[in-house]
Each structure stands twice: as C-alpha cells, then as structure tokens.
Amino acid sequence: MNSTIESIRVGKWVVIPRLNKIQLASSANVHVVTPKVMALLTTLIENRNSPLSVDELAQRVWPDRVVSDNSVYQAVAMLRKVLNEESDIDYIERISGQGYRLSTEIDVFNLDSNVVDKKKKTHAYLYISTLFALLIVLLIIYVFGQRQQNDLKSDPHFEAISLAEHLTKSKLPERITKAKQIYTEVLEGSPEHVVAMSGLCNTHMALAIYGSLPESQVDALCRPLLFKALELDSNNADVLTSLARLETLSRKFDQAKVYFEQALSLSNESPMLWHWYGRFHREKNNLDKALDAHLKAFRLAPNNPTVLRGLAYTYLNRRDLKNARKYFERSVEIAPHAKHIALYQLDFYLLNEPRAKAYKVWYEKHMTEYSRVYPLHKLSHILFLLSTGNLEEAIQKSEEIQITRQNVTSFNLYVRAGLKWYQQDKQGAIDLLKQRYLLAPEDNHYAMPYIMGLYQTRQYSAAKQLFEKHFRSVSSLNRNVNEHVGVYLLYAMILKKLEQGSKVQEIRALIADHLNGPTKLDIRYQPFWYSLNEEPEQLKTSLFKLLDSGWLPDTNDNIFAIEMHSELIDEVELRDMWLNKLNTTQADLQ
C-alpha cells in the first residue's frame, strides 16, 4: 500500500492504515484492529480484482515467518466481523478453489484523511437515518430467518442432519457414535456442509464426556472442522461457540472473548453459548458474571446435564454448597452415565470409603488423558493420596510435577502445606498457609485453613483474633446455626482453650437449641460436640462410629482432620487404637 495514502474508502468504511483504524463513514463508530488484520485488508485492497489463496495471503501478510492456515482463517474472520457489521453483504468473498477477494459489490477509492470530519450530518437527519437503518436491519433479520428455514428444508441432507442432532442430545455413547457416523457420511458427499462440520465436532465433545474419547483429542479433531466451517460461514453462532469453548479450555482468553462477542451478537438463545460464556468467566474468577451466564443457560435448557454441572460448579466456587449439590445431583439424575461422576463427587461431597474406591477406579481408567486437559488435577490427586495415608506416593507425585516455590497460586500453596503437615513439618505448613492467606486477606475461604493451623499449633490467641475478624456474625452469635454448626464448634474449641467459659456456654446453648427438635447433628461434628459437653463416653463412641461409617480425613477440606479428631481422646491407648483402625482403612485403599 502506498505510504502516502492516509485514508481509503471501502464501501461504507473509511480505512486509515497507519492508525490501524476502520471507521464507519456515517458515524463515529471506530474499530481498532491488529496490524496483521490491517495488513490483510490492505493486501486485499491492493489485489481487489484477483482472488488470493490462503498460501499467498500467508506469504504477504506474514512475510517474515511461517504460519499455519488457521492464522489466515482467524484474521479473515476478525476482518469480516468488522466489515460485515450492519451489512447485508459479505465484504470478503471466498472464491471456491481460488481464495479470497474483496466483494465486487463495494466501491474502493482513495480519500483525504479529513473526509470523514467534513461530512457532518444534522441531528434530525441522523435520527431519521437511524430509524430507517433499524427498519432495514429488522427486515434483514426477518428475511434471513425465513431464508434459513427455507434453506434447512431444502437441504438434501435435512433428514440425516436432524436425526444426528437428535441422537447427539441423547447423551448415550452408542447414539452419539451413530450421530458421528451420520455427520461423517454427509461430509463425504458434501464436504462444505457447515452444519455437518459443526455437528461432527459436537459429537467429539459429547463422546469426551459420555463415551471413551479422551478429552485431549477433542481440540485436534475439532479445530480443522471449525476453522473450515468459519471460513465458509463466518456468522455461524454454533461454530463460534465451539471455537470459544476450545480457546477457553486452552486458556487463550483474548481469542475466546472475540468468538464469544461475535456469537452473542448473532444469538442469545443458545444454552451452550451461555454455558461456555459462564465457564469463560468462571475461569477468570468473574463469579457474578459466570453465575448470570449459567443461569441464562439453565433457563434455556433446565435438563441439560452439562448446563447443570456448570451451574453447580459456579455455586461451588461461590461457597454456596447447598445450591451446588442441588444442581449437581440433578445432573447426575439426568445423566448418571457421565464418565467423570466419581471425580466430580469429590468436589461436592466429603471423602469416604465408597467415594475413594470409585475415584480409584476412575483414576486408573481416565487420569492420564484427563490431566492433559486439566493438569491442575494432579495437585488434587496429591491431596487424595494424603487422605488415604499414602504419603510416600504423594511426595513422589509432587516431585514429578515439580511443585516449587516459584508457583505461588492458592491451590499450589495449600497442597504444599498439606505435604509439609503430613511430613511433620508443622511450622513449614503454617508458614505456607499464612502465605496463601495473604494472597487474599479479605477472603474467609483463605482464612479458615490458616485459623485451623494456628489452633493445631496451639496459637490460640492468634486463631481467635483472626476468626473474629473474618467470622464476625458467628463470634457475635448472630449467625444462623443451621448451616454453620462446624464453624460455631471451632470457635467454641478455640475459646475453651483460652478458658473463656461463659461464651463457650452461650455457644453450647445455641447449638443445643438448634438440636432440640428433628435436626440431627452430622456424624462428623458429634465428637466435637461431646467434647464440648465433656461427655467422654459419648465422645469415644462417636469417634469409632465415625470410622465405622466409612469416614476418611478429606485433606481437600481440612489437612488437620486426623489430629483434630484424635486429640479429643485423652487416653493414649484408646487414641492409638483409633489411629490404628483409621490406618487399616486407609491401607485397604492403597
């Protein structure tokens, strides 16, 4: 492009190459694009009479390096998103077998850089123009919708496609596999069938959840299909949603955002679009936006198990365990055959023998492939090994994944603290929990493990001070006991160590009043309750009853669980008996 040319008129757009700007000539609507997208546009302008192949575009736009075809497809998609805005024509034509060119329906000519500023319109004219444009857009939407319906009915593969879509929704592996076969057969006869490409990708995704396909293979199977589909139809919301999903799982959030925004501009009635948009925000810890998106997905598809799991995990991240379990259980009721349920259960429920056994079966079958997509689960597995008493393997796994001091994420610090505690490096564990707490010193969730660590290392005054800072409604005895019994019991235990008997008695009265009715105390809390009431026989019975129930010390919830329970027993012989019984249970799971 001639460097002396400052502005080019391309249809209704004014292009300013040196500023990477594309501005709507009739308004102040401006897009700033990347240099490579602008280079693509200027290349197409310079060669507007001749289609350029993907290879030619790659050589001209990226002359200094080798890039894949996907880079060209993505740049074309981004450019189309801008130029096709409020337009009923595609500014960039694809000529089958030849490549891309600017549409012959648009005019291209040079402008003075001040042209846009000189064309001021009156407010009345703009108002009338806006109304007229709105009517045109509504008409286009109507016509496009009618055309889509007509196109669908006239599609020679209509029957096959509709059956495949129905089979995929069943969530049954054999039916999804049949849908996959149907889509493949359609593409053999019509290799540019966009709906079949998108549908085939959907079967890969579904088989990764309900069938035997490893998650790690989905990206490689789907990307070629989706990029080709996007090349053929840049305004297909399903294709854009699937691409946004892949980029979210790859943690390429900037690119995912581009796809989400384009898809949402085309449709807001797709439950899977809202589901993955919620997942996108959840990955970025924007939990309010995540919940809003997942609730929209739920309203559109209240019986879709994938949608339900997304909503459940968002509630779990917001520390709303009641709603988290509610929607998770609904998802299991609808799709009890989802292959990762044994794994999901460890997130929503405390560990016990049946869940540990189910997880071990899952681990042997799926962990290798699962961890390629979700490497963070390797840390979760270390906590499971600690819970089942397998310290040696936990240390080995931590060395394999190189848990180092350079990684200071919250979960990494927590796992390292668990390893330190189980290796009897108690001060090292407390130091790591303090470091973790200081990452988010206003977050109660970060404070609780540190408070329990201070209690276990007999730093009772510091534990009390931190507890009262973060749990004021409990320390002032104003919080409902119903869902906070464990928190009240911990506070009472701290106060008892500090010999603040009068407030301990107040807490006992609150809990007793709560239990004076049909409510039963969770078996996990019974030993602490009997200890608080100084009922030694009931305490001993409840501790062994806890082990008989299949209880295991869930380090994902509390790395101090073994000590907090065993230290309630004053008699050394009885305490050793309790610990030996726990060790036997753990050994059976190794």
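How each quantity is defined
Residues numbered from 1 in each chain as written. Predicted model: local features only at pLDDT ≥ 70, side-chain atom pairs only at ≥ 80, totals over all residues. Heavy atoms only, no water. Helix = DSSP H or I, 4+ residues; strand = E, 2+ residues; numbered from the N terminus. Buried < 20%, exposed > 50% of the residue type's maximum accessible area, 1.4 Å probe, protein only. Contact = heavy atoms within 4.5 Å. Lys, Arg positive; Asp, Glu negative; His and termini not counted. Charge placed at Lys NZ, Arg CZ, Asp CG, Glu CD. Arc of directions from axis to C-beta. Core = buried A, V, L, I, M, F, W, Y, C linked by side-chain atoms within 4.5 Å. Axes fitted to C-alpha atoms, helices over the stretch in contact; angles between N-to-C directions. Parallel < 35°, antiparallel > 145°, perpendicular 65-115°, else oblique. Left-handed = near helix turned anticlockwise from the far one by under 90°. Nonpolar A, V, L, I, M, F, W, Y, C, P; charged D, E, K, R; others polar. Polar contact = N/O pair within 3.5 Å; in protein donor to acceptor, adjacent residues only side chain to side chain. Phe/Tyr/Trp six-rings, centres within 6.5 Å; stacked < 30°, edge-to-face > 60°. Lys NZ or Arg CZ within 6 Å of the ring centre and 35° of its normal. Patch = residues over 30% accessible without salt bridge, like charges linked within 9 Å, V, L, I, M, F, W, Y side chains within 5 Å. Areas by Shrake-Rupley, 256 points an atom, 1.4 Å probe, with all protein chains shown as cover. Salt bridge = Lys/Arg side-chain N within 4 Å of Asp/Glu carboxyl O.

(A) Summary view of the overall build of the chain. Within the chain, the secondary structure is distributed over 30 helices and seven strands. Taken over the C-alpha atoms alone, the chain extends approximately 90 × 55 × 50 Å along its principal axes. When the 590 residues of the chain are sorted by exposure, 48% land in the buried category. Here the contacts in the chain between residues at least 6 apart in sequence split such that 56% fall between residues at least 24 apart. Side-chain charges of the chain comprise 71 positive and 69 negative groups, with the mean position of each set lying 3 Å from the other.

(B) Up close: helix α2 (residues 54-61). Among the residues making up α2, those that are buried are V54, L57, A58 and V61. Along the axis of α2, the buried positions cluster into a sector of 100°, meaning they face one direction only. Against the buried residues of α2 lie α1 (35-46), α3 (69-83) and β6 (99-102).

(C) Quick peek at the nonpolar core. In terms of nonpolar packing, the biggest core is built from 77 residues, with I22, L41 and L79 touching the most fellow members. In this view, L79 contacts I22, V37, L40, L41, L44 and I92; residues no more than four positions away in its chain are not counted. Within the second largest apolar cluster, 68 residues are counted, among which are A463, V487, Y530 and L574.

(D) Looking closely at the environment of W62. Mapped onto the secondary structure, W62 falls in the loop between α2 and α3. Relative accessible area serves as the criterion here: at 6%, W62 is assigned to the buried category. Taking the C-alpha atoms as reference points, W62 and S566, separated by 504 residues in sequence, lie 66 Å from one another. Beyond its immediate chain neighbours, meaning those up to four positions away, W62 contacts K36, L57, V67, S71, V72 and A75.

(E) Summary view of the packing of helix α10 (residues 237-249) against helix α12 (residues 271-283). The contact between α10 and α12 brings their axes to 10 Å, and the two run at 20°. With respect to each other, α10 and α12 are oriented roughly parallel. Handedness of the crossing formed by α10 with α12: left-handed. Contacts between α10 and α12 involve T241, R245, T248 and L249 from the first element and M272, L273, W276, R279, F280 and E283 from the second. Taken together, the residues of the contact of α10 with α12 sort by class into five nonpolar, two polar and three charged.

(F) Spatial organisation of the side chain of T388. Examined against the element boundaries, T388 turns out to sit in the loop between α18 (377-387) and α19 (391-400). A residue is classified by how much of its surface remains accessible, and T388, at 2% relative accessible area, is buried. Polar contacts involving the side chain of T388 include one to the main-chain carbonyl oxygen of L385, which spans 3.2 Å. Contacts of T388, omitting those with residues within four sequence positions, involve Q586, L589 and Q590.

(G) Molecular detail of the packing of helix α17 (residues 353-373) against α18. Close contact between α17 and α18 brings their axes to 12 Å; oriented N to C, the two are set at 155°. Looking at the two axes, α17 sits roughly antiparallel to α18. Crossing of α17 against α18: the hand is left-handed. Together, A356, Y359, K360, W362, Y363, M367, Y370 and S371 of α17 and H377, K378, H381 and F384 of α18 make up the contact between the two elements. For the contact of α17 with α18, a count of residues per class yields seven nonpolar, three polar and two charged.

(H) Broad picture of unusual backbone geometry. Not every positive phi belongs to a glycine, and R319 is a case in point at roughly 65°. Here R319 shows up in the loop between α14 (305-317) and α15 (321-334). The backbone of E534 shows a phi angle near 55°, a positive value even though the residue is not glycine. Classification of E534 by relative accessible area gives exposed; the value is 61%.

(I) Just the packing of aromatic side chains, in detail. All chains considered together, the criterion is met by 23 aromatic pairs. Where F467 meets Y491, the ring centres are 4.7 Å apart and the plane angle is 5°; that geometry is what we call stacked. Note that F467 is positioned in helix α23 (residues 460-470) and Y491 in helix α25 (residues 485-497), a separation of 24 residues in sequence. The exposure class of F467 is buried, given its relative accessible area of 0%. The exposure class of Y491 is buried, given its relative accessible area of 0%. Taking the centre distance of 6.1 Å and the plane angle of 40° together, the rings of W551 and W578 count as tilted. Placement of W551 in the loop between α28 (536-548) and α29 (561-566) and of W578 in helix α30 (residues 572-587) is noted, with a sequence separation of 27 residues between them. Looking at W551, the relative accessible area reads 9%, which means it is buried. We classify W578 as buried; its relative accessible area is 0%. Ring pairing ties together the aromatic residues Y359, W362, Y363, Y370, Y374 and F384, which thus form one cluster. Of note, R524 hangs over the ring of Y525, and the distance from its end group to the ring centre comes to 4.7 Å.

(J) Main features of a positive patch on the surface. Positive charge collects at one region of the surface, where K426, R458, K496 and K497 lie side by side. Relative to the helices and strands, K426 is located in helix α21 (residues 426-439). With relative accessibility at 30%, the residue K426 sits in the partly exposed group.

The values reported here are purely geometric and, on their own, carry no functional implication.
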